[in-house]
Amino acid sequence: MTDGNAPWDVAIVGGGNAALCAAIEAAEAGARVILLEAAPEHMRGGNSRHTRNFRCMHHGPLSVLTDTYAEDEYYDDLLRVTGGKTDPELARLAIRESEAALPWMERHGVRFQPSLSGTLSLGRTNAFFLGGGKALVNAYYATATDLGVTIRYNAKVAHVHVESGAFRWLELESGERITARAVVLASGGFQADIDWLARAWGPAARNFLIRGTPWNRGEVLRDMLDQGAESVGDPTQCHAVAIDGRAPKFDGGIVTRLDCVPFSVVVNRDGARFHDEGEDVWPKRYAIWGRLVAAQPDQVAFAVIDAKARGLFMPTVFPPESADTLEELAGKLGLDPAQLAATVDAYNAACRPGAFHPTELDGLATEGLEPPKTNWARPIDTPPFHGYTLRPGVTFTYLGLRVSARAQVQSGHGPLSNVWAAGEIMAGSILGQGYLAGFGMTIGTVFGRIAGQEAAAHAL
Amino acid sequence: MPYDTTPAASATDEARRQLEICNACRYCEGYCDVFPALTRLTEMEPGAISHLASLCHNCRGCYYACQYSPPHEFALNLPAALAEVRQQDWEDYAWPQPVARLFHRSGLALAAALVAGFAALFAAIAALRPESGEGFYATLSHNAMVAIFAPAFVLPLVAVAISLRAWWRAIGGGRVALADITRAARAAGRGRNLDGGQGQGCNFERGDRFSNARRHAHLATLWGFLMCFAATSVATLMHYGLNWPAPYGFWTPPKLLGVPGGILLCLGTGALMALKLRADPALGAARVWGGEMGFVALLFFVSASGLALYAATGTAAVPALLAIHLGAVLAFFLLIPYSKMVHGFYRFAALMADRRAP
Ligand SMILES: Cc1cc2nc3c(=O)[nH]c(=O)nc-3n(C[C@H](O)[C@H](O)[C@H](O)COP(=O)(O)OP(=O)(O)OC[C@H]3O[C@@H](n4cnc5c(N)ncnc54)[C@H](O)[C@@H]3O)c2cc1C
Ligand code: SF4
Ligand code: SF4
C-alpha cells in the first residue's frame, strides 16, 4: 500500500465496535483516518461480532425499547454486579450518553430488533441488534468505508511509539510504520493470550476456553503498560462463565452457553457436588459458574438432568450424553458410575415435596444436604438422564488502561497528549468486577465516539 | 468430544445441524419468517425442516450476519443449506419423477431445445393454416391453439397439485382457512420476506450491504406474470363468453393488462438475471444455478417475444414471431412443475402453513 507512510490525522488500533465508532466520528469531523485491524477481513470485528445487544438508558419508549430505564436504576444495576468497583464519573457518563448513542447507531446503519424470544426480561433495558453483533460490525465497516476511512486488515499493531508524553508512530508486526497525529487504542483485552492468562490466573487457565476472537492478545495493552501508561482493573481476573466443554477453543460465542444448571445436579471430576445449583437468578448465576468450575480439578464439571428438565432451558448446540441409568451416563461422561449414583441418590433423598416454578426462585430446597440446593430442587429420577460437560469460558479480562472522562490515556506524568482509548481496553475502569449484560457495547460505543471526536479535534 | 465437523449425510441433516445452532443463537430472528417459525418448533423433523426451507427466500441476511460462517468450524451457511432442501423437495415431490430430475438438472439446455422444437411444430401447423381467419388466427386457428394449450396448461397444474398435496401432508399443513390464503397472499404480494425484516432488502448482489433491487425485480416479475396471465384469461373469456375474438385494440382489457404486464415481466426477469450474475453462487443451491438461470431466461424470452409480436402487428414478421412466442409459452407451461417455477407454489403453501406469522 502506498499510503502506508502518509501522515494520517488519526490512526485507530483495532476493528471492533469501539474502534469503528471512533473511526466514524473522526472521519465525520473531517480527519483522514486509518483503521488497523489485526484479523483478516472475514474475522474482523473482535468480540463485538459475537454480541447481541447493548444496554441503554431511556425516558419513555425508544426504538425497540419499552417503558423507561432511568440513570439511577441503571447505575444501581451496575453497582450491584460490580460490588461498587466502578469509577462513578465514567460510569455515569457511559450511562447518560447511551441514550443519545442509540439514535446515533441507527443513523450509522445499525438496526435493532425487539428482544429475542427467550430474553423477554431484557426488553426494557437492552436493545438487540438485528442479525447480532456481526451485522452491526458490517454496517459500521460500510459506513466507515463510505466516509473515506482507510481500512487495513491483517494489520496487527506490535508497538505504539510514545516519546516524551506523546505518541509518534505505530509499528505493525510486519515492521511497517504508520505515522499519525493522534491515535485511538481500541484493541480489546488480552484473554486470547493463553500464556498471559496462565501467568495471571495460574496454570489452570490453560484449560479455559475463550468465547470470543483469537485476535485479542493484548499486545497493545502490554506495550502501553510497559511504557508507563497507568492501569486499572484486577490483572489476575477474567470474566468467565460455564460453557459447554465441547466448545471450540476460540470463537464459540453465544451458542455454547448452558442454561441447565438450575435444573441440574452439578458434580466435579470425582463425582462430588461442590456448590448450590439453585443459588441466585440469571444473569448473575451465569457468571458464578465459570469461576466455580475453574476451581475444580481439571477445570471441568458435569451437569446432570433427567427427562423432566428437558425443554426448561434454551436449546444447546451440542446434544447431551444420554442414558437410561445414571451408571451408564456416568460411563459416557467419564465419571465413576457408583460415585455419581451415590451423589444423586443422596441429593434425591434430600429433596422435599413442593411446588416447582422454573421461571422464579421457587424456594424448593433440599434438606440436610451439604452443599444445599436452595431452589428448583426436584429429584433426578426420570430416565432418560442427560449430562453436559462444563468448562470455564472466558468472556473478557479486567486489566486495562486508565482514561479520563474524555477517554484520554493517563501516564504517571499526566495524560498522554495524543492517545485515547475506548472499549474493552479501558472498560476495567467502569466494570471493576462482574458484568452487566449489554454494558460492554455501551462502554465501547460511548467512549469510542468520544475518543474519535477528541482525536480528530487534536489532529485538525 | 469436539464438535462433529464431518459433512452431514443429507441436505435435511445438514440443514438440521445448522438450524440447531441458529436455535441456540437466534440473532437473526428479525430478518424473516424462518427464525420465528424455528423457535416455535419442538422437534426438528424432516417435514418441519422442509417447511422452514420453503419459508426462506434466500435473502442472505443471515449469512452475512453470522459469526459462524465458514471458515468457522460451525460452518453456517443457512441460505445454501435451506436452498438445497428446497431443491431436494422440488425434485423428490415432483410428479412424474423421471421428468422432474431431468429438468432440474439440465433445465437450460432442455428449455432451449423445447422452445426450438415447439416453434418448429407451430410453424408446421401454421403451414396447414385455415384459409379464413384474422390476425394471429390467419397463422394458426384458434381452435388449434386451444387444443394444444388447454392440456398444456391443465396437465402441469395437475402435476403440481399432486406434488404439493404430498408435500403439504409432509409438513403437517393441516386444514386451509381463508385467513391462511389472505395472509400468504399479502406476504407474497409485497415480497415481505425479501425486505430484510425492516425494508432494507436483501444481501444479494452487494455482499454484506443491503439492497432492495432483488425484491423490486422479483415483484416486477411476479406482478408482470400475473398481469400477463390475467390478460390471457380475460381474452379467453371474451372469446368464448362475449363471442369477441382477437385481435384486440390497445384500449381493451387483454392489452391493457398484457402490455404493461409483459413490460414488467421483461424488466423484472432481466434484472433478476443481472442480479444473479453478481450474487455469490455459494449461498444458493449451487448445483442448479444453471437451471435456475435458464428458467428466468425462459420467462424473459416469453415476455420479450410477446412484446416483439405485439410491436410487429401487421408486418411480415408475425408468423415467425408467433411460432417462436407460442413455442416459448408452451415450453414454459410444460416446465412449470419441473423448474424453478414451482417455487412459487411451495413458497405460497409454506406461507399458508406459517399460521403464527404476521
Ligand atoms: C460471546 C460474547 C458475547 C457477548 N455479548 C455481549 C452483548 O450482547 N452485549 C455487550 O454489551 N457485550 C457483549 N460481550 C462483550 C463485548 O463483546 C465487548 O465488551 C465489546 O465487544 C468490546 O468491544 P471492543 O471494540 O473494545 O473490542 P473487540 O470488539 O474485541 O475489538 C477488538 C479489536 O481489536 C483487534 N486487535 C486486537 N489486537 C490488535 C492489535 N495488536 N493490532 C490491531 N488490532 C488488534 C481485534 O482483532 C478486534 O478487531 C460479549 C462478549 C462475548 C465474548
Ligand atoms: S445464521 Fe448465525 S447468527 Fe443467524 S441465527 Fe443462525 S447461528 Fe445465529
Ligand atoms: S436467507 Fe434470508 S430468508 Fe433465508 S433464512 Fe436467511 S434471513 Fe431468512
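The preceding data block contains the structure.
In this text the structure is predicted, and so the values were computed from the model without any measurement. (Residues numbered from 1 in each chain as written. Chains lettered and ligands numbered in written order. Predicted model: local features only at pLDDT ≥ 70, side-chain atom pairs only at ≥ 80, totals over all residues. Heavy atoms only, no water.)

**Describing the interface of chain A and chain B**
Link 1 in the chain: Listed per partner, the contact involves 37 residues of chain A and 29 residues of chain B.
Link 2 in the chain: Both faces combined, the contact of chain A with chain B buries some 2,700 Å², and carbon together with sulfur accounts for 53% of it.
Link 3 in the chain: There are 2 salt bridges connecting chain A and chain B.
Link 4 in the chain: Notably, a salt bridge pairs Arg 209 of chain B with Asp 146 of chain A, separated by 2.9 Å at the nearest N-O pair.
Link 5 in the chain: Listing elements by their share of the side of chain A that touches chain B, those giving two or more residues are strand 4 (112-113) and helix 4 (133-146) of chain A. (Contact = heavy atoms within 4.5 Å. Buried area = accessible area lost by both parts, 1.4 Å probe. Salt bridge = Lys/Arg side-chain N within 4 Å of Asp/Glu carboxyl O. Helix = DSSP H or I, 4+ residues; strand = E, 2+ residues; numbered from the N terminus.)

**Things to note about the environment of Val 419 of chain A**
Residues and elements named next belong to chain A.
Link 1 in the chain: The topology assignment puts Val 419 in strand 19 (residues 414-421).
Link 2 in the chain: For the pair Val 419 and Asp 298, spaced 121 residues apart in sequence, the C-alpha to C-alpha distance is 42 Å.
Link 3 in the chain: Residues contacting Val 419, with those up to four places away along its chain left out, are Phe 167, Val 183, Leu 185, Met 224, Ala 407, Gln 408 and Val 409.

**Re the site of ligand 1**
Residue and element names in this part refer to chain A.
Link 1 in the chain: Close to ligand 1 lie 38 residues; Glu 37, Ser 48, Asn 216, Glu 424 and Met 441 are nearest.
Link 2 in the chain: Between ligand 1 and Asn 53 there is a distance of 2.8 Å, counted from a nitrogen atom to a backbone nitrogen or oxygen.
Link 3 in the chain: A distance of 2.7 Å separates an oxygen atom of ligand 1 from a polar atom in the backbone of Met 441.
Link 4 in the chain: Relative to its unbound accessible surface of 1,000 Å², ligand 1 loses 98% to contact with the protein.
Link 5 in the chain: Top element by residues in the shell around ligand 1 is helix 10 (residues 439-459). It accounts for 3 residues.
Link 6 in the chain: A per-class count over the shell around ligand 1 returns 13 nonpolar, 19 polar and 6 charged. (Near = heavy atom within 4 Å. Polar contact = N/O pair within 3.5 Å; in protein donor to acceptor, adjacent residues only side chain to side chain. Areas by Shrake-Rupley, 256 points an atom, 1.4 Å probe, with all protein chains shown as cover. Nonpolar A, V, L, I, M, F, W, Y, C, P; charged D, E, K, R; others polar.)

**Points about the packing of helix 1 (residues 11-25) of chain B against helix 3 (residues 46-55) of chain B**
Residue and element names in this part refer to chain B.
Link 1 in the chain: Where helix 1 meets helix 3, the axes come as close as 10 Å, and the angle between the chain directions of the two elements is 80°. The pairing of helix 1 with helix 3 is recorded here as roughly perpendicular in orientation. Residues Thr 12, Ala 15, Arg 16 and Leu 19 of helix 1 pack against Pro 46, Ile 49 and Leu 52 of helix 3.
Link 2 in the chain: Residues belonging to the contact of helix 1 with helix 3 are distributed by class as follows: 5 nonpolar, 1 polar and 1 charged. (Axes fitted to C-alpha atoms, helices over the stretch in contact; angles between N-to-C directions. Parallel < 35°, antiparallel > 145°, perpendicular 65-115°, else oblique.)

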